[in-house]
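Commentary on secondary and tertiary structure
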Number of protein chains: 2
Amino acid sequence: MDKNLSKDQLNQLKQQWLNELKKSQALSGPDEPPRNDLKPSVSAIECLINDEETVQCLKSSDSNAQIYMPFDFIQNYFDVYGKMKHYDGYDRFEFQQSNAKVVYDPKSPYTYTGVFMTFDSYNVEARERVKCISGITGVPLSTQWHIEGYYYGIQIAQFGMSHYSKHMTQKPPTKQVYENAEGSVQVLKQNSRWSSSNKYCLVENEEDKERNSRVIKFSTPDSIPLGSGASLVLGNTMEFILSFDLKMVANGSLSVVLETNDKMKQYTIHYITNSLVIDYDLKSNIYYGIGPSRTWRHMARDLLTDLKKGIGLTTKKQAKKVRIAIQKVSRLIVRGRGYIDNVTLSTSEHLTQFFDASQWMYLNQDKKTGGWKNDVERRLEGYPPIPAGWISAMGQGQGMSVLSRAYHVFHDPKYIVALSHALQPFTKSSEQGGVRATFLKTYTWYEEYPTKPSSFVLNGFMYSLIGLYDFKSLLEHEFGFGSTTYKLVKQLYHDGMTSLKAMLPLYDGGSRTFYDLRHFILGMPPNVARWDYHTTHLSQLVLLYSVSNEPVLKKYFDNWSGYLRGKVAKHN
Amino acid sequence: MDKNLSKDQLNQLKQQWLNELKKSQALSGPDEPPRNDLKPSVSAIECLINDEETVQCLKSSDSNAQIYMPFDFIQNYFDVYGKMKHYDGYDRFEFQQSNAKVVYDPKSPYTYTGVFMTFDSYNVEARERVKCISGITGVPLSTQWHIEGYYYGIQIAQFGMSHYSKHMTQKPPTKQVYENAEGSVQVLKQNSRWSSSNKYCLVENEEDKERNSRVIKFSTPDSIPLGSGASLVLGNTMEFILSFDLKMVANGSLSVVLETNDKMKQYTIHYITNSLVIDYDLKSNIYYGIGPSRTWRHMARDLLTDLKKGIGLTTKKQAKKVRIAIQKVSRLIVRGRGYIDNVTLSTSEHLTQFFDASQWMYLNQDKKTGGWKNDVERRLEGYPPIPAGWISAMGQGQGMSVLSRAYHVFHDPKYIVALSHALQPFTKSSEQGGVRATFLKTYTWYEEYPTKPSSFVLNGFMYSLIGLYDFKSLLEHEFGFGSTTYKLVKQLYHDGMTSLKAMLPLYDGGSRTFYDLRHFILGMPPNVARWDYHTTHLSQLVLLYSVSNEPVLKKYFDNWSGYLRGKVAKHN
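Residues numbered from 1 in each chain as written. Chains lettered and ligands numbered in written order. Predicted model: local features only at pLDDT ≥ 70, side-chain atom pairs only at ≥ 80, totals over all residues. Heavy atoms only, no water.

An unreviewed UniProt entry lists chain A under the name heparosan-N-sulfate-glucuronate 5-epimerase, with Ciona intestinalis as the source organism. Within the UniProt record for chain A, the comment given under Sequence similarities (unreviewed entry) is "Belongs to the D-glucuronyl C5-epimerase family." (UniProt positions renumbered as here; feature names shortened; annotations may be inferred.)

Now for the overall build of chain A. Helix and strand counts for chain A come out as 12 helices and 22 strands. Expected size for 572 residues packed as a compact globule is a radius of gyration near 25 Å; at 31 Å, chain A overshoots this value by more than 25%. With the principal axes as the frame, chain A shows a C-alpha extent of 110 × 75 × 40 Å. Per-residue burial for chain A yields a buried fraction of 55% across its 572 residues. Relative to all contacts within chain A whose residues are 6 or more apart in sequence, the contacts with residues 24 or more apart total 61%. Approximately 24800 Å² of chain A is accessible, and the part contributed by carbon and sulfur atoms is 51%. Both charge centroids of chain A, one from 67 positive and one from 57 negative side chains, sit 3 Å from each other. (Helix = DSSP H or I, 4+ residues; strand = E, 2+ residues; numbered from the N terminus. Rg over C-alpha atoms; globule rule 2.2 N^0.38 Å. Buried < 20%, exposed > 50% of the residue type's maximum accessible area, 1.4 Å probe, protein only. Contact = heavy atoms within 4.5 Å. Areas by Shrake-Rupley, 256 points an atom, 1.4 Å probe, with all protein chains shown as cover. Lys, Arg positive; Asp, Glu negative; His and termini not counted. Charge placed at Lys NZ, Arg CZ, Asp CG, Glu CD.)

Turning next to the environment of G399 of chain A. All names here are of chain A. Summarising the element assignment, G399 is placed in helix α6 (residues 393–410). Residue class for G399 comes out buried when judged on its relative accessible area of 0%. Distance from G399 to Y463, taken between C-alpha atoms, is 10.0 Å for residues 64 residues apart in sequence. If near-sequence neighbours (up to four positions away) are discounted, G399 is found in contact with A157, M361 and W372.

A few words on the side chain of T344 of chain A. All names here are of chain A. Its place among the elements puts T344 in strand β18 (residues 326–346). Classification of T344 by relative accessible area gives buried; the value is 7%. Polar contacts involving the side chain of T344 include one to the main-chain carbonyl oxygen of N342, which spans 3.0 Å. Those residues within four positions of T344 in sequence are excluded, and the remaining contacts are K175, Q176, V177, I241, L242 and S243. (Polar contact = N/O pair within 3.5 Å; in protein donor to acceptor, adjacent residues only side chain to side chain.)

All names here are of chain B. Its place among the elements puts R405 in helix α6 (residues 393–410). Side chain to side chain, R405 and D470 meet in a polar contact 3.0 Å long. Leave out the neighbours within four places in its chain, and R405 touches Y110, T111, Y112, G114, V115, F116, M161, Y164, F354 and D470.

All names here are of chain A. Taking burial as the measure, the six residues of strand β17 (residues 297–302) include five buried ones, the bulk of the element. Pairing analysis gives six bridges linking strand β13 (residues 241–260) to β17, with the strands arranged antiparallel. Opposite L246, over in β17, you have R297 as the bridge partner. (Pairing = 2+ DSSP bridges.)

Okay, the packing of α6 of chain B against helix α7 (residues 414–421) of chain B next. Relative orientation and spacing of two packed helices are given, respectively, by the angle between their axes and the distance between those axes. Residue and element names in this part refer to chain B. The interhelical angle for the contact between α6 and α7, taken along N-to-C directions, is 160°, at an axis separation of 9 Å. Taken together, the axes of α6 and α7 lie roughly antiparallel to each other. For the crossing formed where α6 meets α7, the hand is left-handed. Contact residues: M400, L403, S404, A406, Y407 and F410 in α6; Y415, I416, A418 and L419 in α7. Tallied by class, the residues present in the contact of α6 with α7 amount to nine nonpolar, one polar and no charged. (Axes fitted to C-alpha atoms, helices over the stretch in contact; angles between N-to-C directions. Parallel < 35°, antiparallel > 145°, perpendicular 65-115°, else oblique. Left-handed = near helix turned anticlockwise from the far one by under 90°. Nonpolar A, V, L, I, M, F, W, Y, C, P; charged D, E, K, R; others polar.)

A separate point is the packing of aromatic side chains. Applying the stated rule across the entire model yields 71 aromatic pairs over all chains. Aromatic pair Y110 of chain B and F116 of chain B: ring centres 6.3 Å apart, planes at 80°, arrangement edge-to-face. On the accessibility criterion, Y110 of chain B (4% relative accessible area) is buried. Among the aromatic residues, ring-to-ring pairing joins F71, F73, Y77, F78, F93 and F95 of chain A together with F71, F73, Y77, F78, F93 and F95 of chain B into one connected group. Across the ring face of Y288 of chain A, the terminal group of R301 of chain A is positioned such that the distance to the ring centre comes to 5.2 Å. (Phe/Tyr/Trp six-rings, centres within 6.5 Å; stacked < 30°, edge-to-face > 60°. Lys NZ or Arg CZ within 6 Å of the ring centre and 35° of its normal.)

Residues and elements named next belong to chain A. Look at helix α9 (residues 484–503) against helix α11 (residues 531–548): their axes get within 13 Å of each other, and the N-to-C directions meet at 120°. On the basis of their axis angle, the class for α9 and α11 is oblique. By crossing handedness, the relation of α9 to α11 is classed as left-handed. Taking contact as the criterion, the partners of Y493, M497 and L500 in α9 are, on α11, L544, V547 and S548. Across the contact of α9 with α11, the residue classes break down as five nonpolar, one polar and no charged.

With that settled, consider the confidence of the model for chain A. Averaged over every residue, the pLDDT of chain A is 91; residues scoring 70 or more account for 92%. The ipTM, which scores confidence in the relative placement of chains, is 0.84 for this predicted complex, and the corresponding pTM is 0.86. (pLDDT = per-residue confidence, 0-100.)

Now for the sheet that holds strand β1 (residues 42–49) of chain B. In spatial order, the strands read β4(A)-β5(A)-β1(B)-β2(B)-β3(B)-β3(A)-β2(A)-β1(A)-β5(B)-β4(B); together these 10 strands make up an open sheet with mixed pairing. Among the strands making up the open sheet, the edge pair consists of β4 (81–87) of chain A together with β4 (81–87) of chain B. On average, each strand axis in the sheet is tilted by 40° relative to the strand beside it, whichever way the strands run. With three bridges connecting them, strand β3 (residues 67–70) of chain A and strand β3 (residues 67–70) of chain B associate as antiparallel partners. When the sheet's bridge partners are listed, M69 of chain A is paired in β3 of chain B with M69 of chain B.

What follows concerns the pattern of salt bridges. Throughout the structure, instances matching the rule amount to 40 salt bridges over all chains. Residue R405 of chain A is joined to D470 of chain A by a salt bridge in which the shortest nitrogen-to-oxygen separation is 3.0 Å. Here R405 of chain A is found in helix α6, whereas its partner D470 of chain A is found in helix α8 (residues 458–479), with 65 residues between them in sequence. The buried category is assigned to R405 of chain A, whose relative accessible area is 0%. Residue classification places D470 of chain A among the buried positions, given a relative accessible area of 0%. Note that R436 of chain B and D495 of chain B form a salt bridge whose closest N and O atoms lie 4.0 Å from each other. (Salt bridge = Lys/Arg side-chain N within 4 Å of Asp/Glu carboxyl O.)

Relative to strand β11 (residues 213–219) of chain A, strand β10 (residues 202–208) of chain A is paired through seven bridges, and the arrangement is antiparallel. The partner of E207 of chain A across the bridge, within β11 of chain A, is R214 of chain A.

Now for unusual backbone geometry. The residue after K452 of chain A, namely P453 of chain A, is reached through a cis peptide bond having omega 0°. Mapped onto the elements of the fold, P453 of chain A is located in the loop between β22 (443–446) and α8. The phi dihedral of A65 of chain A is positive, around 50°, even though this residue is not glycine. Structurally, A65 of chain A is set in the loop between β2 (53–60) and β3. Using a relative accessible area of 30% as the deciding quantity, one classes A65 of chain A as partly exposed. With phi around 40°, L440 of chain B is a residue other than glycine that occupies positive phi space.

Residues and elements named next belong to chain A. If you trace the backbone, Y446 turns up in strand β22. Residue Y446 is classed as buried on the basis of its relative accessible area, which comes to 0%. For the pair formed by Y446 and D495, sequence separation is 49 residues and the distance between their alpha carbons is 10.0 Å. Sequence-distant contacts of Y446, defined by excluding residues within four places in its chain, comprise A393, F426, V435, R436, F461, S464, L465, L468, L492, D495 and G496.

Another aspect to go through is α6 of chain A. All names here are of chain A. The end-to-end C-alpha separation of α6 is 25 Å, in line with the 26 Å expected for 18 residues at 1.5 Å each. Burial within α6 is extensive, with 15 of its 18 residues counted as buried. Structurally, the start of α6 carries an N-cap: the backbone nitrogen of M394 is 3.0 Å from a side-chain oxygen of S392. (Expected span 1.5 Å × (residues − 1).)

Our next topic: helix α2 (residues 71–78) of chain A. All names here are of chain A. Taken residue by residue, α2 has F71, F73, I74, Y77 and F78 as its buried positions. When α2 is viewed along its axis, its buried side chains cluster within an angular range of 155° and face the same direction. Count one or two residues on from α2 and you reach D79, which has phi positive near 60°. (Arc of directions from axis to C-beta.)

With that settled, the discussion passes to the environment of N342 of chain A. Tracing the chain through its elements places N342 of chain A in strand β18. Setting aside its immediate chain neighbours within four residues, N342 of chain A contacts E179, N180, R211, S243, F244 and D245 of chain A.

Listed below in structure tokens is the structure:
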């Protein structure tokens, strides 16, 4: 080679050939650097799908001539899932048949006193169809089928059982008590924790005979604005569940000032002695009614939930999802006249929330029918609407699962009375206002929705069986086998299990499960269960197998688990 | 640039940079030429399938970063189909959800006198499970459930109806008559068409009083070997269905010499007056028994089928698929003593084959039960074996479809008697030796397989309804509405249609159909219908909708047709 070529000239030549080569290979651009990773050689090829549409695919240039189809098409056509993941130092693509979440996999046998399925992972209050946690009852208000919000027994039962289950599985909360009125007598001006900008605000420590405890008495002028009054410094950056005992003797409010990571920075939640559900001034104030009660009550408020539901308030059925974090619970302000005690911030108050749910279930059971009535019209595709006031076997079952645990924890006999009463709808058909149906003159069923004709929703039926099992177990454990009530619950459970074992195959689509049998009842396409209902079916089968040892339940669990991974029934 | 660089030196430089670049890009080889077609830039990426296995995929290097999955994986995982096709000047890849064949799409309304579904496209005798077409009866022998071959009524009925349907849809055959003994009196030595190397072979033309026709009388010595005798030159290169009328008066044979495209070139098929089913000497001779009958009969032999079944003879259940073509039917040789007339080669003899099937159905109906009994044990997975002698609702239905057409064509009242008799098994349960079952105390069903418990095979049930419809229509058309038989067939058809309309949803998997209900009856995974049964379901729905106008049948046809193209039921 000619030694006269300069280095620059050589580089110039190199660049020239490089560009020629890139053009001839249609590389992605002249500036793209050479790459060291594996670059398989492929060409584009048209793919005709079922003689209907065309998708651009790739064909490898090696001797295999493998066809590669784009995941965008596969995802859409086969209803599967995939995403890029980076770990162990490299990228890969994760393909999933389903978007299924966790299936119940108990470490210890299921009992009516323990965790309920996977409910310890539920966060009912965060659901978009939960309008808020009522300040009056402490339980969620649903917007699922009605925009204004209403109490939906099943949601409340699930709220209760999620907190019960978390109570069983989570480590004990940490807590800070800011005021329990014990120790020395504290008066506003003598104590740095309480303060007020208004000299007519009084805070006193006195003995309460009803509670047999020292409590804080407060009194502020009627004229001062909401958010002012007697203020207790909290300054907690870790524990965001506020609990206290409260007795108001006149109208008033309790406000909590929060610092957040939001651009608004500071928000105040006002709990007011009226019947307001929730409101938000679109700036920094959120309002909850706590009702006009004049008696002592124990309240627990999840401040982050209350904050998010307030900011997320919309005129639509679904609450807006809000991303916000509390940085500090700054202070609490009381206004009006009343008594307060045991002001505490903690990381959880599950038993209080479970108690609120149990109490709601107890107070809202219909005395005539024993049912938890749903006061919204329910529409299922293909069926005449179910008028408001209907009873759900799932609601009865979930209610029984709550109340069985409530009796176990609180030992109040009123729960046994409610439980016994809850069996009544199982003995009456949908036409009679109950939940009982029969499949082709043969199998007894308990209807999640008392449609006419029947709909045979599987997951609701299995929840009802679990509720019956819970109550049956409670009676066996606490009261023995003698009562009429025991005989009834045992028979209802037995009949239901017989039907379940026989009818499971009717829910088997070979690659997915069906949500109900409306295809058979109404002659329409099967209502395929989305994957989260599919995993609910699986969790329920695990639970019912663990308490019954029925092999058929295990068999269906195994077959249906395979569907999550694309293992479908064989064709002939 | 330095002008002193020679062209060689420049090329040398170019090669040097090229090699460097190829190394850095890991191109597939140093000798690969630059290519001018579209070469998308991709890199390899690992794809993790359901956390279980790994598949090598491609990722496009553009900003979309599309993932491409190999069709080998897709095909296996999703059970779909694909192949390369070249037309309109370029290659494309054809993706298909199913490997489904044609669905019945009638040009004119279905009637009991017309084409049966898509049976005009059936070639029953070519099926691997058909051992051969019997020389004695002219109908197929099945090896489906028994290696030695047996008469299977359903297969014979389908053989008959495929020929009936072809008779309706195909253009009339071309034919050459080689000998009808009319015209001048022909004696062997005087006629160049007949010849023999043995001087004791006689061929004479004489009047046959029974047939009121002139016929050929032949006589050869007993001692001459098979394949020799009196020979008639045919030399036909176009028409390969041989037909003739034959009456033997002593043992003998009729041999046909064929030239083929095979390396063996020349084959001889011998039809012999014994009871042999089929045999092959593994060289050039194939043997069929035609029975010892001493009366006139009309026979039609599909020489290509007879050739292929002979060469394909194995000791296994499935006949070997043979690729061979006849180039010329050279000559026919008769041996022994007998009479022959109307020696013809044609492109089809469908009505003869249909007659043979009808005759078999008539002769082989069990006089006691009215059933076409199946003389092989039948095993269905999960059920106790059904002992030999069982009756099938599908067999009864297909038999009725044959005999209704047979009466229409041949007007022989014996077929009406057989048809009436064929209803009997529909009135008796499987336990009583019949085909009637009941689904959960509610719906009447006719069982393709009389399993205990029931199996509710859908396609067999619909074939039975079509058979009932055919006989019902025949009675309406030919005999009016008065008879007890008519009332019975009408009731059986009505009850069956009621069940079909109600129970179709139970066969709907949401993306495929089920073959039967054994999943419900036995508590096992659904027995998904392979695509050819799926299209049978569709064709049957088309037919039954066309005669009943029941909207639900149309609805299921539409939904289930979508499954062929990946249109699945929605999930909730």
